[in-house]
Amino acid sequence: MSNILSIQSAVAYGHVGNSAAVFPLQRIGHEVWPVYTVNYSNHTGYGEWGGPIIPAADVDAVLSGVKDRGAFPLIDGILTGYQASPEIADVIVGTVRDIKAENPDAIYACDPVMGSAKSGCFVADAIPPLFRSTIVPAADIITPNQFELGYLTERDASDLDSTLAAVDAAREMGPSTVLVTSVERPETPEDAIEMIAVDDHGKWIVRTPRLPFKRNGSGDVTAALFLGHVLRGRAGSAPENAVKDALAKTASSVYDLLRVTQEADSSELQLVQAQEYYANPQLQFEVEAL
């Protein structure tokens, strides 16, 4: 079991941000300490929502309280997702620095949420440069989708070679491990989608069926499970396989979560209903070395 500090948004209805990440991490055996950056009624994709953005100073106060309990040396992983403001980003980077000062082995996993190929970039103009200059260099793991990888590195990422080159550029920025989601290549069948993971031990790809729908929060679950499985793998008997195994387990669990959601014809992820697929991934998809 690891202790994971997750600094993300929260919603009362549905599953995005911490409301998507916390339970799957708990279900695979981790202790999770959630810190909220917004407290909304629902995700913003509905077009209407209620509730506040939590000021950066208040987020910092919560984190300072955790630090005052003497808990920072106990943190094994830090997880962040969507960043609503540069001020929140500064708080997060400062917290990562303080945690690593007390536990140099702590892993920071950043999901650099900026947009998608279909929607384009939907964050404030100040956020992408901040990811490049400050946040990503502080991270050990990043989990961009293919669009975000290209946007982050200011490179083309449209086929296998260009995507891997962009991964190399991202790793040169600081993180040792990169998980690329929603990978599409010219040779990828229309009914499939892929993920690529790269670390110091290798490069791997996994292909899963493409389900004909999208649900908010699936990327948050992906980032959370990947970090959770990497932490367990690195503490195990074969740490060199941690990222490869995390890719296999994450791909399996997220596919089954989406499948269960589709079968239920639900507008929100069926996070609780799919819980057995987090705890016991079916491992139905082959991970291939690149």
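Our structure is the block above this text.
Residues numbered from 1 in each chain as written. Predicted model: local features only at pLDDT ≥ 70, side-chain atom pairs only at ≥ 80, totals over all residues. Heavy atoms only, no water.

A. Representation of helix H7 (residues 218-234) within the structure. A rise of 1.5 Å per residue sets the reference length of H7, with its 17 residues, at 24 Å; its end C-alpha atoms lie 24 Å apart and thus fit the reference within 8%. Of all 17 residues in H7, 14 are buried, a share of seventy percent or more. (Helix = DSSP H or I, 4+ residues; strand = E, 2+ residues; numbered from the N terminus. Expected span 1.5 Å × (residues − 1). Buried < 20%, exposed > 50% of the residue type's maximum accessible area, 1.4 Å probe, protein only.)

B. Fine view of the pairing of strand E9 (residues 192-199). Burial within E9 is extensive, with 8 of its 8 residues counted as buried. In the sheet, strand E8 (residues 177-183) pairs with E9 via 4 bridges, with the strands oriented antiparallel. Bridged to Val178 within E9 is Val198. Sheet analysis places E9 next to strand E10 (residues 202-209), joined by 8 bridges and oriented antiparallel. Opposite Ala192, over in E10, you have Pro209 as the bridge partner. Where E9 folds back on E10, the antiparallel hairpin that results is connected by 2 residues. (Pairing = 2+ DSSP bridges.)

C. Here's a closer look at the pattern of salt bridges. Applying the stated criterion across every chain, the model contains 13 salt bridges. For Asp98, the salt bridge goes to Lys67, with nearest N and O atoms at 3.8 Å. In this pair, Asp98 is assigned in helix H3 (residues 86-102) and Lys67 in helix H2 (residues 56-68), connecting sequence segments 31 residues apart. Judged by relative accessible area, which is 35%, Lys67 ranks as partly exposed. Put simply, Glu154 and Arg132 hold a salt bridge, and the shortest N to O gap is 3.9 Å. (Salt bridge = Lys/Arg side-chain N within 4 Å of Asp/Glu carboxyl O.)

D. Seen up close, the side chain of Thr80. Mapped onto the fold, Thr80 is located in strand E3 (residues 77-80). Residue Thr80 is classed as buried on the basis of its relative accessible area of 1%. There is a polar contact of 2.8 Å between the side chain of Thr80 and the side chain of Tyr108. In this structure, Thr80 is in contact with Ile7, Gln8, Ile92, Tyr108, Ala109, Cys110 and Asp111, ignoring residues within four places of it in sequence. (Polar contact = N/O pair within 3.5 Å; in protein donor to acceptor, adjacent residues only side chain to side chain. Contact = heavy atoms within 4.5 Å.)

E. The arrangement of the sheet that holds strand E2 (residues 31-40) in detail. The mixed open sheet is built from 9 strands, whose spatial order is E2-E1-E3-E4-E7-E8-E9-E10-E11. In the strand order of this sheet, the two ends are held by E2 and strand E11 (287-289), each with one partner. Strands E8, E9, E10 and E11 of the sheet are contacted by helix H8 (residues 242-263), whose axis makes an angle of about 15° with E10. (Axes fitted to C-alpha atoms, helices over the stretch in contact; angles between N-to-C directions.)

F. Structural context of unusual backbone geometry. Residue Ser182 is not a glycine yet carries a positive backbone phi of 50°. If you trace the backbone, Ser182 turns up in strand E8. Accessibility expressed as a relative area gives 37% for Ser182, which makes it partly exposed. Positive phi values are uncommon outside glycine, yet Leu283 reaches one of about 55°. Relative to the elements of secondary structure, Leu283 occurs in the loop between helix H9 (276-279) and E11.

G. Inspection of the packing of H7 against H8 at higher detail. It is at 8 Å that the axes of H7 and H8 come closest, and there the two elements cross at 145°. Seen from above, H7 lies across H8 with right-handed handedness. Across the interface between the two elements, Ser218, Val221, Thr222, Leu225, Phe226, His229, Val230, Gly233 and Arg234 from H7 touch Ala242, Val243, Ala246, Leu247, Lys249, Thr250, Ser253, Val254, Leu257 and Leu258 from H8. Partitioning the contact of H7 with H8 into residue classes produces 11 nonpolar, 6 polar and 2 charged. (Left-handed = near helix turned anticlockwise from the far one by under 90°. Nonpolar A, V, L, I, M, F, W, Y, C, P; charged D, E, K, R; others polar.)

H. Summary view of H2. In a regular helix each residue adds 1.5 Å, so 13 residues correspond to 18 Å; H2 covers 18 Å between its end C-alpha atoms and thus fits that length. For H2, the complete set of buried residues consists of Ala56, Val59, Leu63 and Val66. What you see down the axis of H2 is that its buried residues fit within an arc of 80°, all on one side. For H2, the exposed residues lying more than 90 degrees away from the buried face are Ala57 and Asp68. (Arc of directions from axis to C-beta.)

I. Structural view of the packing of aromatic side chains. Counting across every chain of the model gives 5 aromatic pairs. Between Tyr13 and Tyr46, the aromatic rings sit 6.3 Å apart at their centres with planes inclined by 55°, giving tilted as the arrangement. Of this pair, Tyr13 sits in the loop between strand E1 (3-11) and helix H1 (18-27) while Tyr46 sits in the loop between E2 and H2, and the two are 33 residues apart along the sequence. Since its relative accessible area comes to 48%, Tyr13 is described here as partly exposed. Look at Tyr46 and you get partly exposed, because its relative accessible area is 39%. (Phe/Tyr/Trp six-rings, centres within 6.5 Å; stacked < 30°, edge-to-face > 60°.)

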